[in-house]
Amino acid sequence: MNILLILVTGLLCACGVFLMLRRSAIRVLLGMMILSNAINLIIFVGAGTTPAIPPIIPADQSTLATAAAEPLSQALILTAIVIGFALFAFMMALLMRHCDHHNCDDLDLMTEELQ
Amino acid sequence: MNALAVAPLLIPLLGATALLLAPSSRRQLQELLSVCIGLAHCVAAALLYHHTTLSGVSVVQIGSWSFPFGIGLLVDRFAALMVGVTALIGLTTVIYSIGAVASDLVRRHYYALLQFLLAGVSGAFLAGDLFNLFVWFEILLMASFVLLTLGRTAAQAEAGVKYLIINFFASSLFLMGAGLAFAEIGTLSMIDLGARLAITAGEGSSSPAVLFIAGLLLIAFAVKAGVFPVYAWLPASYHTPPTAVTALFAGLLTKVGIFALYRATTLIFPMYHHIIAPVCLVIGLCTMITGVFGAVAQMNIRKVLSFHIISQIGYMVLALGFWSSSALAAGIFYTLHHIIVKTNLFLIAGIIHKLTGTEQLRDMGGLYKKYPYLALLFLVPALSLSGVPPLSGFFAKFTLISAGFEGSFLLSAGIALAVGLLTFYSMTKIWNEAFWKAALVEVTADGKDSQSLKGVGVMLFSSILLAICTVLIGIFPGVLWDAAYVAAEQMMTPKIYVAAVEVAALP
């Protein structure tokens, strides 16, 4: 189960990077989304995916059981999702501005005017 | 102590909120609020620095979660110095913006965004936790994206796309490194990471997993800092936003990357310095050389200065490559001097743009005849950048190169000197084109009416302020050098940080 997840995250990373290198702006956007999801999955997999006790301390104890699931990586992923979402929204607005200016979504048109 | 450490973060954040709540069409109110926030930020930074002179390294755990859980702020001498410079540059840029920024940008919440950026930078300098550093990086990145594209011109959109894609990728690498560090080593606090790695890996070891994590983190910081070969986003984007914004970016954003590089290498991965230091040496040399050759080839004044940023960043990375206390102190001194000088140069470029209406060096001219005092004001940071005594740049380069000679890095020191000469050449190029040569089109007195020159006084005031700082550092280099040396010695002995954590844990 773990090895399959790791392979999937690797595949997603590769897809994300491949799409980010494309010419069309939409594909770059999709690549960004896939890459950020892949990295969130990496954090998820890194915490361990074996069946474990929920990370709740019972009333009569003061520390977490050693075999409990890792709650911190879930918090990291949540933060990363929110940040990625904001970046993605802004990137979309920016690419739309570029596409409005050139009337198509070809990023190769983004050659600066020579001085 | 808690309040003192958190104040440099909270003041710009709360100030940005206040600026958002205040009506953005009331320009005077926004300016007044911003200046007050900037002054409060400076006071908080000064108090924080004073505290570090008394008590060395302190670790502040937010929310009273004990170490290594929760989020910690790491306040050492280096962090306090950087926060101090941030506050100074923030205040100066706010004062400069009063005269430089158009009203429609102010209506789009320019001043609030400026404070968000300063909050992100201050937070990044004080972060003691790897993921918290990521969050502060993203805050300052988000604010920088919006500031970069605030004027909604096509050039800004283009520059914004390039800037955003590359910085997004660097942030992804950083996040991957932080997540993998947590998975592999089991903690996110930088001090704890360093401590655990020191236990499991003695001197001179190379565990592949940890090396991979170190590589991810350092590459992410290197992209942010703008080193060879991942610096292309910098000259592609820094010449498009309003001049005040460029000055702030040039002064602060790349130095956050350098700060993270220094912090990660000395605190988290010091046992791998036998691998990291030579890489930094080579990369620093390549960055210096390619940066200065790029500067020599440009004809847009802001692009010349952008390539200079890259070239000087090479010096700071070179300091890390030498790996000694004196080299690190020289690197810290260089960083502080460079922030002030670079911001000043961009502020003056903005003043030149306002006075001549152009940014192309070919179209400028005759400024020395018309405004000789502006020429003098330009000479102060230009000569300081090139390393001419008695300005601050001379001592920065001198200490760095003598640290290189001490460590027997003769070739690197020689290349650093040669690059300094080329920097001087490109500065004289700006001087010749903008100031010395006769103006192509005679700008008469009625050509520039008083309306378009309104606000130049405020812009000049902020530039003079920074020039005075440069001259003072040059006349009294010992003050800053002693502070930098103490900071470097703290950073080269990670045991101090572990001891500080134990002190903080005492009830």
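Cut-offs used in this document
Residues numbered from 1 in each chain as written. Chains lettered and ligands numbered in written order. Predicted model: local features only at pLDDT ≥ 70, side-chain atom pairs only at ≥ 80, totals over all residues. Heavy atoms only, no water. Helix = DSSP H or I, 4+ residues; strand = E, 2+ residues; numbered from the N terminus. Buried < 20%, exposed > 50% of the residue type's maximum accessible area, 1.4 Å probe, protein only. Contact = heavy atoms within 4.5 Å. Lys, Arg positive; Asp, Glu negative; His and termini not counted. Charge placed at Lys NZ, Arg CZ, Asp CG, Glu CD. Buried area = accessible area lost by both parts, 1.4 Å probe. Salt bridge = Lys/Arg side-chain N within 4 Å of Asp/Glu carboxyl O. Polar contact = N/O pair within 3.5 Å; in protein donor to acceptor, adjacent residues only side chain to side chain. Nonpolar A, V, L, I, M, F, W, Y, C, P; charged D, E, K, R; others polar. Core = buried A, V, L, I, M, F, W, Y, C linked by side-chain atoms within 4.5 Å. Patch = residues over 30% accessible without salt bridge, like charges linked within 9 Å, V, L, I, M, F, W, Y side chains within 5 Å. Areas by Shrake-Rupley, 256 points an atom, 1.4 Å probe, with all protein chains shown as cover. Phe/Tyr/Trp six-rings, centres within 6.5 Å; stacked < 30°, edge-to-face > 60°. Lys NZ or Arg CZ within 6 Å of the ring centre and 35° of its normal. Axes fitted to C-alpha atoms, helices over the stretch in contact; angles between N-to-C directions. Left-handed = near helix turned anticlockwise from the far one by under 90°. Pairing = 2+ DSSP bridges. pLDDT = per-residue confidence, 0-100.

## Remarks on the overall build of chain B
In step 1: Along the backbone of chain B there are 21 helices and 2 strands.
In step 2: Expressed as lengths along the three principal axes of its C-alpha atoms, the size of chain B is roughly 75 × 55 × 40 Å.
In step 3: Taken across its 507 residues, chain B has 61% of its residues classed as buried.
In step 4: For chain B, contacts bridging at least 24 residues in sequence account for 83% of all contacts bridging at least 6.
In step 5: Of the side-chain charges in chain B, 24 are positive and 19 negative, and the distance between the mean point of each set is 9 Å.

## With respect to the interface of chain B and chain A
In step 1: Across the boundary between the two partners, chain B contributes 36 residues, which contact 30 residues of chain A.
In step 2: Across the interface of chain B and chain A, roughly 3,000 Å² is buried in total on both sides, 80% from carbon and sulfur atoms.
In step 3: Considering only the surface of chain B that becomes buried against chain A, Glu158(B), Phe168(B) and Phe182(B) emerge as the three largest contributors, covering 21% of it.
In step 4: Remark: the boundary between chain B and chain A carries 0 salt bridges.
In step 5: Here chain B is connected to chain A by 1 residue pair in polar contact (both at pLDDT 80 or more).
In step 6: Counting residues per element, the ones that place at least two in the side of chain B that touches chain A are α6 (130–148) and α7 (154–185) of chain B.
In step 7: Element by element, the count of residues in the side of chain B that touches chain A is highest for α7(B), at 17 residues.
In step 8: For the side of chain B that touches chain A, the class distribution of residues is 21 nonpolar, 9 polar and 6 charged.

## Side note on the nonpolar core
In step 1: With 212 residues, the main nonpolar core has Leu130(B), Phe221(B), Tyr262(B) and Ile332(B) as its most contacted residues.
In step 2: A per-element tally of this core places helix α14 (residues 325–356) of chain B first, with 19 residues.

## A word on a positive patch on the surface
In step 1: A cluster of basic residues, Arg97(A), Arg107(B), Arg108(B) and Arg152(B), forms a positive patch at the surface.
In step 2: Tracing the backbone through its elements, the reader meets Arg152(B) in the loop between α6 and α7.

## Things to note about the packing of aromatic side chains
In step 1: If you walk through the whole model with that rule in mind, you get 27 aromatic pairs over all chains.
In step 2: Ring centres of Tyr163(B) and Phe249(B) lie 6.3 Å apart, and the angle between their planes is 5°; on these two criteria the pair is classed as stacked. Within this pair, whereas Tyr163(B) is found in helix α7, its partner Phe249(B) is found in helix α11 (residues 243–268), the two being separated by 86 residues in sequence.
In step 3: Take Tyr163(B): its relative accessible area is 1%, and that puts it in the buried class.
In step 4: Ring centres of Phe394(B) and Phe395(B) lie 5.2 Å apart, and the angle between their planes is 75°; on these two criteria the pair is classed as edge-to-face.
In step 5: Overall, the relative accessible area of 27% leaves Phe394(B) in the partly exposed class.
In step 6: Under the relative-accessibility criterion, Phe395(B) is labelled partly exposed at 22%.
In step 7: The structure contains a cluster of three or more aromatic residues connected by ring pairs, namely Phe90(A), Phe145(B), Tyr163(B), Trp233(B), Tyr238(B) and Phe249(B).
In step 8: It is Lys397(B) that lies over the ring of Tyr315(B); its NZ or CZ is 4.8 Å from the centre.

## Brief notes about a nonpolar patch on the surface
Residue and element names in this part refer to chain B.
In step 1: A cluster of nonpolar side chains, namely Ile464, Ile468, Val471, Leu472, Ile475, Phe476 and Val479, defines an oily patch on the protein surface of about 640 Å² accessible area.
In step 2: Looking at the nonpolar patch, the element that brings in the most residues is helix α19 (residues 456–475), giving 5 residues.
In step 3: Looking at the secondary structure, you find leucine 472 in helix α19.
In step 4: Looking at leucine 472, the relative accessible area reads 42%, which means it is partly exposed.

## A few points about the environment of Met110(A)
In step 1: Relative to the helices and strands, Met110(A) is located in the segment after α3 (72–102).
In step 2: For Met110(A) and His98(A), which are 12 residues apart along the polypeptide, the C-alpha to C-alpha distance reads 8.5 Å.
In step 3: Residues in contact with Met110(A), not counting those within four places in the same chain, are His98(A), Glu158(B), Val161(B) and Lys162(B).

## Considering the packing of helix α13 (residues 301–322) of chain B against helix α17 (residues 392–406) of chain B
Residues and elements named next belong to chain B.
In step 1: Remark: α13 packs on α17, axes separated minimally by 10 Å, with the N-to-C direction vectors making an angle of 35°. Crossing angle aside, the handedness with which α13 passes α17 is left-handed. Here Gln312, Tyr315, Ala319 and Phe322 of α13 lie close against α17, whose contacting residues are Lys397, Leu400, Ala403 and Gly404.
In step 2: Tallied by class, residues from the contact of α13 with α17 come to 5 nonpolar, 2 polar and 1 charged.

## Considering the pattern of salt bridges
In step 1: The tally for this structure, following the rule as stated, stands at 8 salt bridges over all chains.
In step 2: Residue Asp76(B) pairs with Arg263(B) through a salt bridge whose shortest N-O separation is 2.9 Å. With Asp76(B) in the loop between β2 (72–75) and α3 (77–100) and Arg263(B) in helix α11, the pair connects residues that are 187 residues apart, well separated along the chain. For the pair formed by Asp76(B) and Arg263(B), the shared burial category is buried.
In step 3: Through salt bridges with shared partners, a single ionic network connects Arg23(A), Asp106(A) and Asp108(A).

## Things to note about the pairing of β2(B)
All names here are of chain B.
In step 1: Here β2 shows a buried face lined by Gly72 and Leu74 and a second buried face lined by Leu73 and Val75.
In step 2: As defined by bridge partners, strand β1 (residues 58–61) adjoins β2 across 4 bridges and the pair is classed as antiparallel. Opposite valine 60, over in β2, you have leucine 73 as the bridge partner.

## So, the side chain of Ser171(B)
In step 1: Residue position: Ser171(B) is located in helix α7.
In step 2: Aside from chain neighbours lying at most four places away, what touches Ser171(B) is Phe134(B), Glu138(B), Leu141(B) and Lys224(B).

## Quick word on the confidence of the model for chain A
In step 1: Overall, the prediction assigns chain A a mean pLDDT of 87, with 96% of residues at 70 or greater.
In step 2: Of all the helices and strands in chain A, α3(A) carries the lowest mean pLDDT, 90, while helix α1 (residues 2–20) of chain A carries the highest, 94.

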